[in-house]
Structure formats: C-alpha cells, structure tokens
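Chains, contacts and geometry: an overview
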Amino acid sequence: MNNKKILVTAALLYVNGLPHLGHVVGCWLPADIFTRFHKSYGNDVVYVSGTDDHGTASYVSAKEAGMAPSDYIASMNAKMKEIAKTLCINFDIFSGTNTAVHKEVTTDFFNEIHKNGYTEEKCSQMLFCEHDHIALADRFVFGVCPYCGYDKAYGDQCDKCGKTYELDDLKAPKCSFCGKEAVKKETKHIYISLDKLQPQLQAWVESKKDVWRPHVYSMTNKWFKEGLKPRCITRDIPWGIEVPLAGFEGKVFYVWFDAPIGYISITKELGGDEMVKDRWQNDDCQIYNFIGKDNIDFHAVFFPSMQLACKKYNLATNVVGFNFLNFEGQKFSKSNHIGIFCDKLQNSSVDIDALRAYLVSIFPENKDSDFTYEGFKLNTNAELVGKYGNFFNRTLNMINKNFEGALGVDFDDIKASLDQNDNEMIDAISTCPNTIADLFAKTEFKAAYKEIMRFASIGNTYLEKTAPWTLIKNGNIDAAKKVLYLCLNMAKALAIVASPILPNKTAEIWTEQLNFEGSPSDAGLWQESTKICIAKNHKVNLPKPLFARLDDEAIQSLKNELA
RNA sequence: CGCGAGGUAGAGCAGCUCGGAAGCUCGCCGGGCUCAUAACCCGGAGGUCACAGGUUCAAAUCCUGUCCUCGCAACCA
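Throughout this description, residue numbers start from 1 for each chain and increase along the sequence as written. The lettering of chains begins at A and the numbering of ligands begins at 1, in the order of writing. Since the coordinates come from a predicted model, pLDDT governs what is reported: local features require at least 70, and pairs of side-chain atoms require 80 or more to be given and counted, while whole-chain, interface and lining totals use all residues. Just so you know, side-chain values use all the structure's heavy atoms and leave hydrogens and water out.

1. Points about the side chain of K492
In this text, helices come from DSSP runs of H or I with a minimum length of four residues, and strands from runs of E with a minimum of two, each type numbered from the N-terminal end. Structurally, the position occupied by K492 is in helix α15 (residues 477-498). Here, residues are in contact when the closest pair of their heavy atoms is within 4.5 Å. When residues no more than four places from it in sequence are discounted, the contact partners of K492 are W510, L514, F516, E528, C533 and I534.

Quick look at the structure:
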C-alpha cells in the first residue's frame, strides 16, 4: 500500500478582518477536502495554515482598536479558529506569523539568501508620516492631483481623471490614516535579486506546465516576458520582523516576504525541526499550496524565488490557484455588506455539510463563479436530498422493514445469481471510488463531486430497474436480498467517498444508520469502498433523513440570519 | 491597440490542456414506480457551441481576425 507524504497549506489569511465565503472557497475548504481525502486514502498528510499578522494595515487596525498589535492578532486569530471549527475545517495547526518560531525561521531564511548573494541594497525617497511613525506606500497617501487638482488623489493615481504619475508629482501629500502631512525622506532598503533567479525559476515553472491550472501557469509566465527585477523586501514601519543587518535598524521585512515563510515556521511549530525536515527537506514529500488568484504571483513567482535563493527548502509540487467567488452576481464587499461573512454562520441554522457541498459544486476552479441562495436550495434538494440521501433512505428502509435490519447473505451467497443489472452495479462499486480518488488527487473537486452524485444515481436507477419492493411482494425473497445486499455495499462506498466533503453527515450515517465501527474517513478505508464485503449478519438501523429539504421559507430565514 | 476573464438549449454551467457523432442541473411536455423527505426512474421538445476565415479526413476543442459582456481605488481569496 502506498503511503505518500503530503504537506497542504492554505493561504495565510490577513489578520485584519474576518473571512467571508470567498476565502473559504479559495483556500480553506479545498485544502480541507484535499487533506481529508488523502487521510482517508491512507496517506500521511499534514495541513497547516494560520494568519498573516504583519503589515501596515494590521498595525493601524490594532491602533484603531486601541490594542497592542499582538493582543489584536491573538483575538482575531482565536475568532478565525472558531469559524474554521464551525465550517469543519480540520487544520493540523492554525497559527500565525506573530510567533517566536516564525521570527527565528524568517531571520534564518533571510540570512541564507543574503549569504548566497541574492540581496542588494538601494536608496530611495519615501514618504513618511511622523505622527504614525510609518512609511507610506502609494495607496496610503493622498494629495492633490498634479493634472486635475482633485484633492483626494492617491500616491500614484488619480481616481477622478484616471491619470497615473510618480509619487514625486503628487502635491501636498498626506497620510491617509491620520490626515497629517507626509514628509519625504531618503531611506535604504534591501532587494532580492529576482533577475538572477529568473532562469532557475523559469525552469521550475516550465516543469509545472501540465500540473498547474492553466491560468496559474499563464499568469506566472507574464512575469518572465517582462523580465524579473530586483524587488524590495524591507519596509520602514515599526511592526514586523526586524531586519538582522547592521545599518537597517528599525526596519522590518515586507509582509509578503515573511508571510509565505510562515508555512515553514508553522510546520515547525507543529512538529519541530523533525517535521520541517520531513516535509520541507524531503524530496518524497509533496507540497500543495491552496490560494486565491490574487495570491498567485506570490506563490508561483516570489516565494519560490526566495526558496531558490535560500536553498534550504523544497518548492511546491502544485500551486492550486482558485478564481473568485461572487455573491448573487456581485463582488463580496465588507464595506457594502455584500456576501456571507463566516462569523454569521456560527449561530445560524445552515447545514454546514450542505453548504460545503454546494460550495464544492460551484468551486471557481477555472473561472469566477457565483453563490446564489437559489443554487444552494437547488443543490440541497436535488442532489443531497433527492439523490444522495434518498438512496440511503430507501435502501435502509427496505432492509429494516422486510428483514429486520439484517439480510443474512454475503457476496458468496449471491454470486451464482447475478444478472446484467447486478453486474453493472458491481462494476460501479468497484470503479467509481477510484475515479473519484483520482479526481480529488488532481484537485478537481467539482468533477469529483459530480462523480459522487452520479454514483448515487446509479444506485437509484438500479433500485428502479430491480424493484425489490415488487420482488418481495411476489415472494422473490432471495432476489430481493441480493439487490439490497449490493445496495448496502454501495451505501457504504458512498459514505466513504463523500466523507471529505460531508464529514458530519457521513460520520452520522456510518455509525447511526449503517451501524459500522469507527468513521468513514478512517485511514485506509478508501480502498475498502470498492469491495463488496459486508458481513452476512451485519445489522443496520432504521434510517432517518440525512438532509432537510429547503423550501422558500427556509431560504428566506437563512437570508435573514446571514445578512 | 492597458491588463485579465468570459461568450455552449429558456436559466445556470461542464466539456476546450491531449481535435473524432453536443453533455449536466433546473424549468417545460409525456410516461412509469409507489421502497423513499410529493423524493425516484424512463422518454421527449429545445443549441448554426458569439461571428468570420484558416488548418484537418474530422474543430465547441487548434490558428488568425472581428464583435459583445464582465472585473481591475480601498476592504479583499
């Protein structure tokens, strides 16, 4: 049996706000499903994530909240953990970048890059806010547009006339946080020499051509066409990881320099140097990064370049980039209150498994997609209730009503009497779980979900064709037992293959209705799903509906709860 | 010539990487079943796969051009 080592990372969420469904769909959920699948398949997988704690915005937010940055971060991190729990996102660890371990790993990472000769220093002019003690990036400055005179123009672009310009040209620049005057200062920064790394990086990207999703590959290649340039990795703000170099006192690393290193430091936090060695320095370990499309550049260009310069850690096997999720045709927006924000889910009546299933069905794997309540209702009723849940219900009902829960036959007993319908059923049981496994392993979640529902449909069609209720009525008891025995085996397989997406419902049906030990996601159980091997005297329990049908009223009350 | 994504049945989408008789869900029409949460199963109507060229024995799929739609300050995957 194969026992692959896999490390899964989900993008570190910016600590400065609570996640909405878009975040869930872009990284947490697919990574969770991927991890659950591999565990169930018997592979050795670790899932790490956390919060990205540094950067100007979180520093300012903490200040506004009247908290010390680390207190602010701790409280936000705790809230996110709760949300993840609600959504049944099963991290092995959910930490962040505001830890001693992270500081140590990042510092070492930088020292290696520096030692290997991939850094350079440059001086430039920057705007500062003396009141907030931070350097002001273009988007944190406003002033008077040199072209049209608009007085709320940004550092590099005017929203009114649309023109772009150099920061030098902006008149009367001010800090966008406090509104006070911004002053120009000479400052020195460290750059990473991406230009020197381009050949190696390009070779790596080329080797991923058939592995990555097309949009990830093409977005990455754009950088090569323009040619990589040295990129600044330090900032003049008082919040972050200090640059360990003489002459750079008071400066910290740019948030996007230290954030991806967080994957490594969080792994270390979980399992020490031993685990880092096992997952990041072991060629037999596959690394999967789950991210949204706005993060592709960082995971497919900058972080791998950093790794190539550092020479200590392996690069990702796959950078799984997702597109964006919209909400009822509009973009998610915190300020305009558009979308579903996950803190609302905690006290709502929404069925998390049903929500997970719907989200999978609309995963923006290849292009942006749209969440609609109507779609959620449809998926729940047509797929989960009508196809998936219904199959368990009909099968278990008949076994209970007619045979007191135990059929008293096994595969050997029915072998002699198999007809074409039975063989098609057996064929489905022995092949569908493998197809589904392949799709999960290839991160094709939508297709895997579709295949699971098709699998359930095969079961429903089989029941229709064989009509065991008629067989029983006509006294054809052996034939009815044969049909229901095969259905029962399919039910078991259906619980196993859907467990990565529906962890709660499949666990429930496994123990309470199918009356099996353990859980459908137990390691290595996946391989069992293709076998027809339920014991002769196995007794199942009376079923009860797995998923509740949603009517318009239920949808309306959900809308109210989640708005 | 800013960048990116997309245009496939009434609606929403898959298929396009690796060309080979147009698929899925819903809706609509007709039929079947009654074990099941009025669930399930079968059949049918409905598409010049945006348009125009090209390559090919064969194009939704590859190439070229055209038209149209959407996103691109900030929060933000």
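2. Re unusual backbone geometry
The backbone of K311 shows a phi angle near 65 degrees, a positive value even though the residue is not glycine. Within the secondary structure, K311 is located in the loop between α8 (296-310) and β15 (318-322). Within the chain, T443 stands out as a residue other than glycine whose phi angle is a positive 60 degrees. Counting through the fold element by element, T443 comes out in the loop between α12 (420-441) and α13 (445-466).

3. Quick notes on the sheet that holds strand β6 (residues 134-136)
Here a strand pair is declared whenever DSSP counts at least two bridges between the two strands. Ordered by their spatial adjacency, four strands build an open sheet running β6-β5-β10-β11, and the pairing between neighbours is antiparallel. Edge positions in the sheet fall to β6 and β11 (231-232), since each has one partner strand and no second. Two strands pair when backbone bridges link them, and strand β5 (residues 119-129) and β6 are joined in this way by three bridges, in the antiparallel orientation. If you follow C129 over to β6, its bridge partner there is I134.

4. Looking at the packing of aromatic side chains
By convention, a stacked pair of Phe, Tyr or Trp rings (six-membered ring in the case of Trp) has centres within 6.5 Å and planes under 30 degrees apart, an edge-to-face pair has planes over 60 apart, and any other such pair is tilted. The full count for this structure, using the stated rule, is 34 aromatic pairs. Here Y358 and F371 contribute two aromatic rings whose centre-to-centre distance is 5.3 Å and whose plane-to-plane angle is 70 degrees, an arrangement assigned as edge-to-face. Taken together, the residues Y358 in helix α9 (residues 352-361) and F371 in strand β17 (residues 369-371) connect sequence positions 13 residues apart. Each of the two residues, Y358 as well as F371, counts as buried. Within the aromatic cluster, the residues linked to one another by ring pairs are F34, F37, Y41, Y288, F290, F322, F363, F440, F445 and W526. Charge-over-ring contacts are defined here by two conditions on Lys NZ or Arg CZ: a distance within 6 Å of the ring centre and an angle within 35 degrees of the ring normal. The ring of Y254 is capped by R235, whose NZ or CZ atom sits 4.0 Å from the centre of that ring. Burial here depends on accessible area, computed with a 1.4 Å probe over protein chains only, as a share of the maximum for the residue type. Under 20% is buried, over 50% is exposed, and the range in between is partly exposed.

5. Concerning the protein's contact with RNA strand B
The immediate surroundings of RNA strand B are formed by 46 residues, with G292, D294, K367, R394 and K401 found nearest. By convention in these notes, a residue is near a molecule or strand provided one of its non-hydrogen atoms lies within 4 Å of it. Within 4 Å of the protein, the contacting atoms of RNA strand B are 69% sugar and phosphate, with bases supplying the remainder. Distance and chemistry together define a polar contact, namely a pair of N or O atoms within 3.5 Å, with one atom able to donate a hydrogen and the other to accept it when in protein, and with adjacent residues in sequence counting only for side-chain atoms on both sides. In the model, a sugar or linking oxygen of RNA strand B is placed 2.4 Å from a nitrogen or oxygen of the D294 side chain. Within the side chain of N295, one N or O atom sits 2.9 Å away from a sugar or linking oxygen of RNA strand B. Among the secondary structure elements, those contributing two or more residues to the surface near RNA strand B are α1 (21-41), β14 (285-292), α10 (373-403) and α13. If one sorts the elements of the surface near RNA strand B by residue count, α10 sits on top with twelve residues. The class makeup of the residues in the surface near RNA strand B is 14 nonpolar, 16 polar and 16 charged. The residue classification treats Ala, Val, Leu, Ile, Met, Phe, Trp, Tyr, Cys and Pro as nonpolar and Asp, Glu, Lys and Arg as charged. All others, Gly included, are polar.

6. Some details on the packing of α9 against α10
Fitted lines through C-alpha atoms serve as axes, helices being fitted only where they are in contact, and the angles separating the N-to-C directions of these axes extend from 0 to 180 degrees. The interhelical angle for the contact between α9 and α10, taken along N-to-C directions, is 105 degrees, at an axis separation of 9 Å. Judged by the angle between their axes, α9 and α10 are roughly perpendicular. Touching A354, L355, A357, Y358 and S361 of α9 are G375, F376, N379, T380 and L384, all from α10. Taken together, the residues of the contact of α9 with α10 sort by class into six nonpolar, four polar and no charged. Here the angle decides the label: under 35 degrees means roughly parallel, over 145 means roughly antiparallel, 65 to 115 means roughly perpendicular, and every other value means oblique.

7. A closer look at the pattern of salt bridges
Throughout this description, the term salt bridge denotes a Lys or Arg side-chain nitrogen within 4 Å of a carboxyl oxygen of Asp or Glu. Under the counting rule described, the total for this entry stands at 27 salt bridges. Two residues, K505 and D351, come together in a salt bridge whose shortest N-O distance is 3.2 Å. Pair noted here: K505 is in helix α16 (residues 503-513) and D351 is in the loop between β16 (325-327) and α9, with a separation of 154 residues, a long-range link. The exposure class assigned to D351 is partly exposed, which follows from its relative accessible area of 24%. One connected set of salt bridges, linked through shared partners, spans K5, D44, D278 and R279.

8. Some remarks on the confidence of the model for chain A
Residue-level confidence of the predictor is summarised by pLDDT, bounded by 0 at the bottom and 100 at the top. Residues of chain A with pLDDT of at least 70 account for 98%, and the chain-wide mean is 91. Among the prediction metrics, the complex's ipTM stands at 0.93, with pTM recorded as 0.94.

9. Observations concerning the sheet that holds strand β9 (residues 171-175)
The three strands are arranged β8-β7-β9 in an open sheet whose pairing can be described as antiparallel. Lying at the two open borders of the sheet, with one neighbouring strand each, are β8 (153-154) and β9. Direction of pairing for strand β7 (residues 141-144) relative to β8: antiparallel, over a ladder of two bridges. If you follow F142 over to β8, its bridge partner there is Y154.

10. Let's talk about the nonpolar core
Grouped together as the largest cluster of nonpolar side chains are 168 residues, with contacts concentrated most on W28, L359, F371 and Y388. With 15 residues, the single largest contributor to this core is α15. Residues belong to a common nonpolar core when they are buried Ala, Val, Leu, Ile, Met, Phe, Trp, Tyr or Cys residues joined through side-chain atoms within 4.5 Å. In this structure, M76, I134, C175 and I237 belong to the second largest nonpolar core, which totals 21 residues.

11. Some details on the packing of α9 against α13
Contact pair α9 / α13: the axes reach a minimum separation of 8 Å and the direction vectors enclose 120 degrees. The pairing of α9 with α13 is recorded here as oblique in orientation. Contact residues: A357, V360 and S361 in α9; F445, K446 and Y449 in α13. Tallied by class, the residues present in the contact of α9 with α13 amount to four nonpolar, one polar and one charged.

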